[in-house]
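Structure assessment
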Amino acid sequence: MPYPVHLLVVTHGLWGTRKHVGYIAKSALEHAQRASAPRSKGRSVSPTRSTSRIPAEKTGVSTRDSAIGTVSGAPAAGGDVRFVVLSASMNEDTRTYDGIDICAERVVEEIDSEIARIEEEGGEVTRFSIVGYSLGGLVARYVLGLLESRTPSFFSKVRPVNFTTFASPAIGIPRYQSFWSVVIRFLGARLLSRTGSQLYEKDRFLPASFLTEPSEKSCKKGAFSKLTFQREKAEPLLAVLADPRYNFYKALAAFERIDIYANSVQDRTVPYITGGIVDHDPFALARARAKKAAELRGEDPEVEPDIIEGGLEIPFSRPVSLAVIVFLPIALPAALCYLVGRFLLQGRESKRRIRDIRTATGGGREGVLARVGLGRLGAQVRSAFEEVSDETLQPDNPEHEVETSHLTAEDLEEENTRLKHPSFAAFASYGGTETPPIARAVSPALELRDESKPEKRHPTDPILSEAQKAMIKNLNALPQMKKHLSYFPHARNAHGKIIARDLSYVEHREGMKVVDAWASQLRI
């Protein structure tokens, strides 16, 4: 009789390595050994194709060591379910340029290898969880589509338990109304190879012709488009990931817990808008208003708050500072040329890898789409959409009720009118020296806009595409989704800090509290 295993997969971000997510794995293992660790709750009917119910057991713990690739274990008191952590390693460094879908294919390959190893040792994976940091959050969502699209579905026998993202650009990189935003979007979509085009919605992942059976009329139209150089309409990958009609969303909706961790401020890589899956940034607006108030008081609005004893100073001696000033006009262009050249070289290497992978897997675009349940399958797409709508997203489904009884009518009115944001309550008493607060989980349902009122975009908010607006609406419709906001107002860049990415930096260690808070709620 095989022993049951709960497999947790952790995926890193762009240019990342498994060491970057090392503390996530470590904290999950430590908390899984506690007798008080939350237990997974079985369902009589799964929202995916799974209809099996798995009884709850106690836990044991093991993990694949991220540094040397071996397997180590830790016993749990009286437990017979083993908790295994797999830190994905096949996408390290510039291999993350190859595209979200190709990175996900590699992660699935690692998952299959790990499951085979577990089965060889007498185990059986009965529960599955996945965590994604930054770009890894998007890779994780694509992984779900690959697993769900198998025949039979991976989730027909494996219970989906925890899905978590940390500072992940769920709707891609938003466009702001500034010159530098335009420049960065232009360069990012080209210098980051295929992944860049997907993050900036410049890709054409799902052409419209792949959703329907070809007809004589559509063939004539396609031929005419080629003759007149008209491009066929196509959906970007991120829009497909958030579309309820497809297996990516269907598999995501099946998880017991969906937790979204985002930086409320100071994340210069993944802004709150995309990390928190919202269309309004109250924190950026508050910062802009604070600067305006400082200007009205006659203060310099550009001066950052004094953290220690007086403004920021150049961290060099006077002779070194003068040398830096003298050589900066030479060093800066040289550094830019080096970076652009390196990006171009890495992009070329990425294109070569993509070509080799497509040759090895075969099937071209149709093969890629078929592996995630897409293609010229209009009837199946409609069937999948109806199944999700009927079974998963019913508002009266007692299994997916959202608790709102603790909210007053004034709270709801404040949220609907956008005058206040519920996350601010957690920050009101923060003095800058104690533990950074993590806001209470915010129900996504409360973040939906009152459609009867005209939409208002603040100058601090990005200009969202229609596809991004649809992503926000669809993802926030998931009833089990909870959002948790971290607050690091004095961080230079809170993106790595939220997961304690590098503990050799003292600044990152404060993020251990965020990861530990997540791990303490991880269902085993």
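See the structure above.
Owing to the predicted nature of the structure, the values given are computational and were not obtained by experimental measurement.

The next point concerns helix 1 (residues 22-32). In terms of burial, helix 1 is largely enclosed, as eight of its eleven residues are buried. The set of residues buried in helix 1 consists of Y23, I24, A25, S27, A28, L29, H31 and A32.

A cis amide bond, omega -5°, links T151 with the succeeding residue P152. By secondary structure assignment, the location of P152 is in the loop between helix 3 (135-148) and strand 6 (159-166). Positive phi values are uncommon outside glycine, yet A167 reaches one of about 45°. Along the chain, the position of A167 falls in the loop between strand 6 and helix 4 (179-191).

As enumerated under the stated definition, the model contains twelve aromatic pairs in all. For the pair Y142 and F248, a centre-to-centre distance of 5.0 Å together with 45° between the ring planes defines the contact as tilted. Here F248 lies in helix 8 (residues 247-252) and Y142 lies in helix 3, a separation of 106 residues in the sequence. By relative accessible area, which is 0% here, Y142 ends up buried. On the accessibility criterion, F248 (1% relative accessible area) is buried. Measuring from ring centre to ring centre gives 5.3 Å for F179 and W180, while their planes differ by 70°; the resulting arrangement is edge-to-face. Like F179, the residue W180 is exposed in the burial classification. In this structure, R82 is placed above the aromatic ring of Y3, and the distance from its NZ or CZ to the ring centre is 4.1 Å.

A separate point is the environment of L191. Along the chain, L191 falls in helix 4. Taking C-alpha positions, L191 is 5.5 Å from F343, a pair spaced 152 residues apart along the chain. Leaving out residues up to four positions away in the same chain, L191 has contacts with Y97, F343 and L344.

Here we come to the pattern of salt bridges. Applying the stated criterion to the full structure yields 18 salt bridges. Connected via shared salt-bridge partners are D98, R106 and R353.

Our focus in this paragraph is the packing of helix 2 (residues 100-120) against helix 3. At a minimum axis distance of 8 Å, the contact between helix 2 and helix 3 shows a crossing angle of 65°. Between helix 2 and helix 3, the angle is such that the two are roughly perpendicular. In this structure, the crossing between helix 2 and helix 3 has a hand that is right-handed. Together, I100, D101, C103, A104, E105, V107, V108 and I111 of helix 2 and L135, L138, V139, Y142, V143, L146 and L147 of helix 3 make up the contact between the two elements. Its residues assigned to classes, the contact of helix 2 with helix 3 comprises 13 nonpolar, no polar and two charged.

Thresholds applied
Residues numbered from 1 in each chain as written. Predicted model: local features only at pLDDT ≥ 70, side-chain atom pairs only at ≥ 80, totals over all residues. Heavy atoms only, no water. Buried < 20%, exposed > 50% of the residue type's maximum accessible area, 1.4 Å probe, protein only. Helix = DSSP H or I, 4+ residues; strand = E, 2+ residues; numbered from the N terminus. Phe/Tyr/Trp six-rings, centres within 6.5 Å; stacked < 30°, edge-to-face > 60°. Lys NZ or Arg CZ within 6 Å of the ring centre and 35° of its normal. Contact = heavy atoms within 4.5 Å. Salt bridge = Lys/Arg side-chain N within 4 Å of Asp/Glu carboxyl O. Axes fitted to C-alpha atoms, helices over the stretch in contact; angles between N-to-C directions. Parallel < 35°, antiparallel > 145°, perpendicular 65-115°, else oblique. Left-handed = near helix turned anticlockwise from the far one by under 90°. Nonpolar A, V, L, I, M, F, W, Y, C, P; charged D, E, K, R; others polar.

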